[in-house]
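# Report on the structure
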Amino acid sequence: MFNLIQRMRVRVLLLFILIAAASAFKNQPSQLYQITSGKISFKSDAPLEVIKASSTELMGLLDIGKKNFSLKIDVHSFQGFNSPLQKEHFNENYMESDKYPYASFNGKIIEDVDLSADGNYDLRTKGTLTIHNVPQERIIKTAVTVKQKVIIIHSNFTVLLSDHNIPIPTVVNQKLANEIKVEVNATFEPR
Amino acid sequence: MKKNFRLLIVLMIFCSLKAISQDVNLDSMLDVQIKTKNQNKTQYTEATFKTTRLINGHTVETTQGGVLDLKISHRFGMLNEGFYNMFGLDVASIRIGMDYGLTNRLTVGGGRSSFEKQYDAFLKYRLLRQSEGKKNMPVSVTLLASMMIETDTVAIKNQKNIAVEPAFTDKLSYAYQVLIARKFNSDFSLQLVPSMVHENMVDSSFNSNNIFAVGAGARFKLTQRSSLNVEYYYTLPGSKLPGTYNSFSIGYEIETGGHVFQLHLSNSTGMTEKAFIAENTGRWSKGDIHFGFNISRVFTIRKPKDLKM
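First things first, this report covers the structure right here in the doc. (Residues numbered from 1 in each chain as written. Chains lettered and ligands numbered in written order. Predicted model: local features only at pLDDT ≥ 70, side-chain atom pairs only at ≥ 80, totals over all residues. Heavy atoms only, no water.)

## Observations concerning the overall build of chain B
On a plain count of helices and strands, chain B comes out with three helices and 14 strands. Radius of gyration (C-alpha) of chain B: 27 Å, far over the 19 Å computed for a compact globule of 309 residues. Overall, chain B is about 115 × 40 × 40 Å in size when its C-alpha atoms are taken along their principal axes. In chain B, buried positions account for 44% of the 309 residues. Sequence-distant contacts in chain B: of pairs separated by 6 or more residues, those separated by 24 or more amount to 59%. Accessible area for chain B stands at about 15,000 Å²; split by element, carbon and sulfur atoms hold 65% of it. (Helix = DSSP H or I, 4+ residues; strand = E, 2+ residues; numbered from the N terminus. Rg over C-alpha atoms; globule rule 2.2 N^0.38 Å. Buried < 20%, exposed > 50% of the residue type's maximum accessible area, 1.4 Å probe, protein only. Contact = heavy atoms within 4.5 Å. Areas by Shrake-Rupley, 256 points an atom, 1.4 Å probe, with all protein chains shown as cover.)

The structure is reproduced here in structure tokens:
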């Protein structure tokens, strides 16, 4: 008799856990946001030449529950530059886009913030920035605006080519800056 | 009780594992998303060759729209000319020419060679572009039609064994090529070039005005900015002009900014299709080897729309 009650109790417990687990999974999709429009621009401001390019093919996912994210961009998709040859050099000689087609940033939001609530936030993200297949641990600040389940991010940061094993040949060292200014704008919506 | 407790722990671990794996999943979920997106996108292969000439002949590349490519090509004399001629360095054969990209696919160009005092003009059209993704194309194909006028009448008379002054039309030659290339990976590209050269006038002992040949060329990338190039034109036996030999060239190519420098050894003196495909008299085995270089400098005349942000 006692055995039966005990068994029942365990079963009820198991049922509870199952329900809890199921509801946890069910909740996840609403926590998950994806980029619906995203743009990355960069600028090299060297003494003899300014080079600008941008891509609107930024893709990314954000989990506002776990506060982690993953962003990726196709390096080939950058447009701009000062000549078609410069774009070819960007892909062929500097980024080696055939070998390393994507640049990525993935990590976590440091601040404890509830991004389901409307508001403006200045957040820090900590993660791995991978460019030219060289990962760098970075803390990148970003401004976040949340309005009716739409999350808009805006961020400015710099990338040092030397950090990512992209050498600048001496002949162009007056035309290409080692410090590249990068601007990211993206809109996340629930997936 | 103990057993059930263990079961409970297992279940808890299972649940927490699921939560941890979520972190990793975000990246793989994104990869899946990118993969589906790429299936609907076409990625065109860029830079099968560095410039529009491999050594003597054209590559499958066309000049980008709005870009002017100034080309200076130079061949010294032959290595077997001995010390008196400084192993060929005293002798020069030069072609100065320009290519202009009307569009990304259509190039018009021309030049003047000191060899036989030739003028040449050509049209080049990129028919197919190698691509992956939605549109899968294994090769790039470019069509070339060129025309040459040889204005050195003394040379023509000697070459064709004639005594009378050649008429204007007798000085004309044409070349047609289908350039088929594939970039196998970022370090290796290969091209095949079925070619036909038509000469309005040939030596009377030779009964065909058409010379058929197949060219092959390859680029092996050595570093990010330099590569090793080889080029060979095989003239089909039935259409070979007497006393001519197949053209073989090997070169080293280096680029800096907007310049491409090509240094090479070749058994051809001329730099137009007629000269190196149909009428090449040099032989490697005899030491008829020319040291030479090509310099290419591009100028952006008109910035194409797709580059504007």
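Having seen the structure, we can now continue with the description.
## Thoughts on the interface of chain A and chain B
Counting residues at the interface gives 49 residues for chain A and 43 residues for chain B. Of the roughly 4,100 Å² buried where chain A meets chain B, counting both sides, 58% is carbon and sulfur surface. For chain A, the biggest contributors to the area lost against chain B are Met59, Pro84 and Glu92 of chain A; these three give 15% of the whole. Between the two partners, chain A and chain B, sit eight salt bridges. Note that Asp98 of chain A and Lys183 of chain B form a salt bridge whose closest N and O atoms lie 3.6 Å from each other. Between the two partners, chain A and chain B, sit 15 residue pairs in polar contact (both at pLDDT 80 or more). Elements that contribute at least two residues to the side of chain A that touches chain B include exactly α1 (2–31), β1 (32–45), β2 (50–55), β3 (59–63), β4 (68–74), β5 (79–80), α2 (84–94) and β6 (102–109) of chain A. Ranked by residue count, the leading element in the side of chain A that touches chain B is α2 of chain A, at nine residues. Counted by class, the side of chain A that touches chain B contains 19 nonpolar, 16 polar and 14 charged residues. (Buried area = accessible area lost by both parts, 1.4 Å probe. Salt bridge = Lys/Arg side-chain N within 4 Å of Asp/Glu carboxyl O. Polar contact = N/O pair within 3.5 Å; in protein donor to acceptor, adjacent residues only side chain to side chain. Nonpolar A, V, L, I, M, F, W, Y, C, P; charged D, E, K, R; others polar.)

## Here's the deal with a positive patch on the surface
Judged by side-chain charge, Lys43, Lys52 and Lys181 of chain A together with Lys303 of chain B come together as a positively charged surface patch. Position of Lys52 of chain A relative to the elements: it lies in strand β2. Residue classification places Lys52 of chain A among the partly exposed positions, given a relative accessible area of 42%. (Patch = residues over 30% accessible without salt bridge, like charges linked within 9 Å, V, L, I, M, F, W, Y side chains within 5 Å. Lys, Arg positive; Asp, Glu negative; His and termini not counted. Charge placed at Lys NZ, Arg CZ, Asp CG, Glu CD.)

## A short note on the layout of surface pockets
Computed from the structure, the second largest pocket encloses a volume of approximately 560 Å³. Around the second largest pocket, the lining is made up of 24 residues, and of these His76 and Asp98 of chain A together with Gln43, Thr45 and Glu132 of chain B lie nearest the centre. Of all the elements in the fold, those that place two or more residues in the lining of the second largest pocket are β1 (42–44), β6 (131–133) and β8 (172–185) of chain B. Of all the elements, β8 of chain B adds the most residues to the lining of the second largest pocket, at four residues. Within the lining of the second largest pocket, the residues separate by chemical class into six nonpolar, 11 polar and seven charged. (1 Å grid on protein atoms, 1.4 Å probe; cavity = no way out; pocket = protein on both sides within 12 Å on 5 of 7 lines; lining within 4 Å. Points joined across faces, edges and corners; volume = space filled by probe spheres on them.)

## Remarks on empty space enclosed by the protein
Residues and elements named next belong to chain B. According to the stated counting rule, one finds four cavities of 30 Å³ or more in the structure shown. If you add up the space inside the largest cavity, you get close to 100 Å³. Forming the boundary of the largest cavity are Arg53, Ile55, Asn56, Lys71, Ser73, Arg75, Arg95, Gln262, Met271, Asn294, Ile295 and Ser296. Those elements that place two or more of their residues in the lining of the largest cavity are β2 (67–78) and β14 (290–300). Grouping the amino acids of the lining of the largest cavity by side-chain chemistry returns three nonpolar, five polar and four charged. In this structure, the second largest cavity encloses a volume near 70 Å³. Around the second largest cavity, the lining comprises 13 residues; the ones closest to its centre are Arg53, His58, Arg95, Asp120 and Glu273. Looking at the lining of the second largest cavity residue by residue, the classes come out as five nonpolar, four polar and four charged.

## Remarks on the pairing of β2 of chain B
All names here are of chain B. Of all 12 residues in β2, nine are buried, a share of seventy percent or more. Judged from the 10 bridges that link them, β2 and β14 form a sheet pairing that is antiparallel. Note on β14: the bridge partner recorded for Met78 is His290. Where β2 and strand β3 (residues 92–101) come together, nine bridges link them in antiparallel fashion. Directly across from His74, in β3, lies its bridge partner Ile94. (Pairing = 2+ DSSP bridges.)

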